[in-house]
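Chain residues, written in single-letter form:
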Amino acid sequence: MLEFRKDLFANERDDNLNEVGKPTQRQDMAGHVTGRTPFFDDHRLDGMLHLKCVRSPHHSARIRSIDVSAAERSPGVRRILRGADVPVNLNTLLSLLAFGEDDEPSLATDQVRYKGEPVVAIIADSEREAWEAVSKVRVAYDPLPAVFDVEEALKPGAPSVNPVYTRNTFTYHDKYDHVKLRFGDVERAFQEADFVLEERYQMSPIEQAPIETNGAIAAPEVNDRYIVYTCAQGLFFSLDTTAKILDLPSNKLHFIGGTVGGGFGGKVDSLCEPLAVLGAMLTGRPVRYVLNRIEEMQVSAPRGAERHYIKDGVMRDGRIIARKMTVYFDCGAYTRLTSYGALKCVAHLPGPYTIPNVSADAYCVFTNRIPATAMRGFGVTGVDFAIECQMDKLAHLIGMDPMEFRIVNAYRDGDVKAHREHASNTALVECVQVAAEKASWPLSDAARAQSSLTGGGGERAIIPDTRLDDGGVRPAGWRPEGTLPPGTRAPSRPQVTPQPSAPRPPPIAAPQPTPASPPPAQEQVPAPAAPQTPTPPPAQSQPQSQPRYARTRFSTVFGTRRR
């Protein structure tokens with residue numbers, strides 16, 4: 001029996017639910033249950049060739065020589081592709097968004113940087129003949145030192161993994177080796193805390209394991225165009241990536257997606273489409289490139305490993321007054337999407353909790369592992385695991401109920417976040433209360449009386465003096481360039497009026513940090529002056545200017561909606 005708490009979320013939706021709670025049949029259900037749903041690999045084209053790759057047996061090695069003479073004479077072989085055959089043999093997905101440098105070759109040329117990296121592609125009449133030719137390619141390697149641990153990769157003298165990011169860390173904004181968040185003064189708060197707890201959390205790489213493996217079929221069309229049947233999750237990402245790697249106008253490519261047989265983030269990297277299209281270009285025939293199950297498990301991109309260090313300062317009444325985090329993301333040998341995951345992680349900190357002093361550093365680190373990519377909330381899932389484990393340990397440390405401990409520290413409407421945005425439409429208090437009710441978990445009367453709509457704002461909305469790494473201090477009124485003043489909202493976001501702080505019965509005392517300076521007067525952003533023209537248009541309200549970085553790309557970081 002579904003229960004709708006419309007009393008808690010009245011501002012989020014009306015009562016006219018079109019689908020939720022109703023037995024609406026999915027439009028693709030009949031095809032799935034009868035086996036008639038078409039997938040990309042159901043296409044069988046006349047004269048179709050098959051592509052398979054020679055892959056590195058080493059985690060790190062210099063390629064001394066490649067001998068394909070025996071493979072060229074192998075039955076059924078139509079074409080052999082080397083790195084020199086790829087028009088633009090360096091790429092990374094996020095470079096399409098002007099974020100990061102191209103660092104990953106489609107086919108390795110001088111060095112391999114993870115076990116399973118493709119070196120040579122064989123195109124043959126059948127899969128069996130392609131695999132037989134793969135076994136005849138002779139590649140001479142000089143093994144090199146490899147590194148597999150993120151902290152080891154950052155030590156002086158560690159092997160340099162990626163030739164573009166030679167210090168083994170991704171570069172943000174062309175100069176920073178990590179993502180940083182500073183709010184308040186955590187070191188001072190640790191000295192004032194009644195208890196300090198520091199823990200380490202580790203998350204291993206996770207393979208998405210879709211039933212349908214990565215793959216694509218490319219075929220020549222008329223007018224020098226190519227049609228591509230693919231299971232890519234991001235069809236236009238894949239089209240643009242292929243056009244870039246092959247140096248083709250995007251209107252020369254016709255991508256057809258459709259049903260994806262399991263993706264979960266693991267089919268956003270365009271592993272197969274560029275080489276399949278290149279094979280079709282060079283042979284004039286359809287080319288099918290599909291990973292087998294071994295390749296899917298061993299060389300397709302997983303969610304990367306993460307390591308989280310969390311240090312918290314907490315008071316006896318349950319208020320967390322400081323949180324310091326250092327996070328390492330293992331992105332493998334090449335960037336893929338991990339650099340974005342680190343941004344998402346820091347945008348989520350310090351979790352859904354009001355903490356007056358926060359410090360965080362997140363590193364995207366290169367190792368000789370398989371390049372990592374997206375998977376189901378990557379960048380947030382791991383840090384949520386770490387934070388919530390830490391919350392349980394903190395509650396037990398001070399002898400407080402874990403549910404009530406979360407209620408004490410939860411965001412209320414009007415609270416200021418560590419990113420200097422104001423919280424609105426918060427609901428963690430109510431979620432905890434409902435979860436406790438469903439689990440028959442006893443809560444005190446004080447805990448059941450709490451609400452996300454009250455107790456926020458006031459002193460909890462003050463931006464504190466912020467201690468910088470160089471010893472300087474950002475005054476309380478400072479804010480990043482292009483962001484809105486405290487107490488104001490972007491036009492597309494709902495206006496929330498902070499509620500005055502209300503006293504609460506013990507032991508559920510709302511955090512009341514002592515401000516380093518008096519609350520600044522709320523600033524008013526004047527509307528831009530109307531342009532001086534001979535016939536001025538009718539006066540209209542002018543929208544606030546958008547934050548400097550609030551384009552379409554990383555909306556979770558800057559609090560703007562994706563456009």
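Cut-offs and rules
Residues numbered from 1 in each chain as written. Predicted model: local features only at pLDDT ≥ 70, side-chain atom pairs only at ≥ 80, totals over all residues. Heavy atoms only, no water. Helix = DSSP H or I, 4+ residues; strand = E, 2+ residues; numbered from the N terminus. Buried < 20%, exposed > 50% of the residue type's maximum accessible area, 1.4 Å probe, protein only. Contact = heavy atoms within 4.5 Å. Areas by Shrake-Rupley, 256 points an atom, 1.4 Å probe, with all protein chains shown as cover. Pairing = 2+ DSSP bridges. Axes fitted to C-alpha atoms, helices over the stretch in contact; angles between N-to-C directions. Core = buried A, V, L, I, M, F, W, Y, C linked by side-chain atoms within 4.5 Å. Domains from an automatic or database assignment. pLDDT = per-residue confidence, 0-100.

A.B. asks: Just checking my understanding: could you explain the overall build of the chain for this structure?
C.D. replies: When you go through the chain residue by residue, the secondary structure sums to 14 helices and 17 strands. Across the 563 residues in the chain, those meeting the buried criterion constitute 49%. When contacts within the chain are restricted to residue pairs at least 6 apart in sequence, those whose partners lie at least 24 apart make up 79%. Surface accessibility of the chain: about 27,100 Å² in total, with carbon and sulfur atoms responsible for 53%.

A.B. asks: Hey, could you run me through the sheet that holds strand β15 (residues 358-366) in this one?
C.D. replies: Sheet strands pair by backbone hydrogen bonding; their relative direction is either parallel or antiparallel. Overall, mixed pairing links the 5 strands, which are arranged β7-β15-β14-β13-β8 in an open sheet. The open sheet terminates on both sides in strands that have one partner only, identified here as β7 (179-183) and β8 (195-203). Adjacent strand axes in the sheet meet at a mean angle of 5 degrees when their direction is disregarded. Pairing analysis gives 9 bridges linking strand β13 (residues 306-314) to strand β14 (residues 320-332), with the strands arranged antiparallel. By the bridge assignment, I310 is partnered in β14 with M325. Helix α9 (residues 338-348) rests against β7, β14 and β15 of the sheet, and its axis sits at about 170 degrees to β14. The strands that helix α10 (residues 381-398) touches are β8, β13 and β14; relative to β8, the one it contacts most, it runs at about 145 degrees.

A.B. asks: Can you walk me through α9 in this structure?
C.D. replies: One turn of an α-helix holds 3.6 residues; hence residues three or four places apart share an orientation. Of all 11 residues in α9, 10 are buried; the element is thus mostly enclosed. Looking at α9, one finds that the buried residues are T338, S339, Y340, G341, A342, L343, K344, C345, V346 and A347.

A.B. asks: Which parts of the structure should I look at to understand the sheet that holds strand β4 (residues 111-112)?
C.D. replies: Pairing in this open sheet of 3 strands is antiparallel, and the strands run β4-β2-β6 from one edge to the other. Two strands in the sheet have a free side with no partner beyond their single neighbour: β4 and β6 (138-143). When strand β2 (residues 61-67) meets β6, the two strands line up antiparallel, connected through 6 bridges. Residue pairing for β6: I66 is matched across the bridge by V139.

A.B. asks: Got a minute to help me understand helix α12 (residues 428-438) in this structure?
C.D. replies: Within α12 the residues assigned to the buried category are V429, E430, V432, Q433, V434 and A436. If you follow the buried residues of α12, they end up packed against α11 (402-409) and α13 (445-448). With its phi angle positive at about 55 degrees, S440 sits one or two positions after the end of α12.

A.B. asks: Before we go on, may I ask you to explain the nonpolar core in this structure?
C.D. replies: Taken as a class, soluble globular proteins show a tendency for nonpolar side chains to be buried jointly. By size, the foremost hydrophobic cluster in this structure holds 58 residues, and its most contacted members are Y172, M325, I387 and F405. Formed jointly, this core draws a minimum of three residues from each of two domains, domain 1 (42-144 + 209-298) and domain 2 (179-206 + 305-488 + 506-520 + 541-562). Excluding residues that lie within four positions of it along the chain, F405 makes contacts with V314, G318, I320, M391, L394, A395, I398 and M400. Within the second largest apolar cluster, 28 residues are counted, among which are C53, A216, V277 and L291.

A.B. asks: Got a minute to help me understand the environment of I63 in this structure?
C.D. replies: Looking at where I63 falls in the secondary structure, it is placed in strand β2. On the accessibility criterion, I63 (10% relative accessible area) is buried. Along the sequence, I63 and V139 sit 76 residues apart, while their C-alpha atoms lie 7.2 Å from each other. Aside from chain neighbours lying at most four places away, what touches I63 is A108, T109, D110, Q111, V112, V119, V139, A140 and Y141.

A.B. asks: It is not clear to me how the confidence of the model for the chain should be interpreted in this structure. Could you clarify?
C.D. replies: In regions of low pLDDT, the predicted coordinates are not meant to be interpreted in detail. The predicted model of the chain averages 86 in pLDDT, with 82% of residues at 70 or higher. Low pLDDT, under 50, characterises residues 486-507; the stretch is placed with 55 contacts to residues that sit more than four places away or in other chains. Ignoring residues within four places in sequence, the model shows residues 509-563, a span with pLDDT below 50, making 68 contacts including any to other chains.

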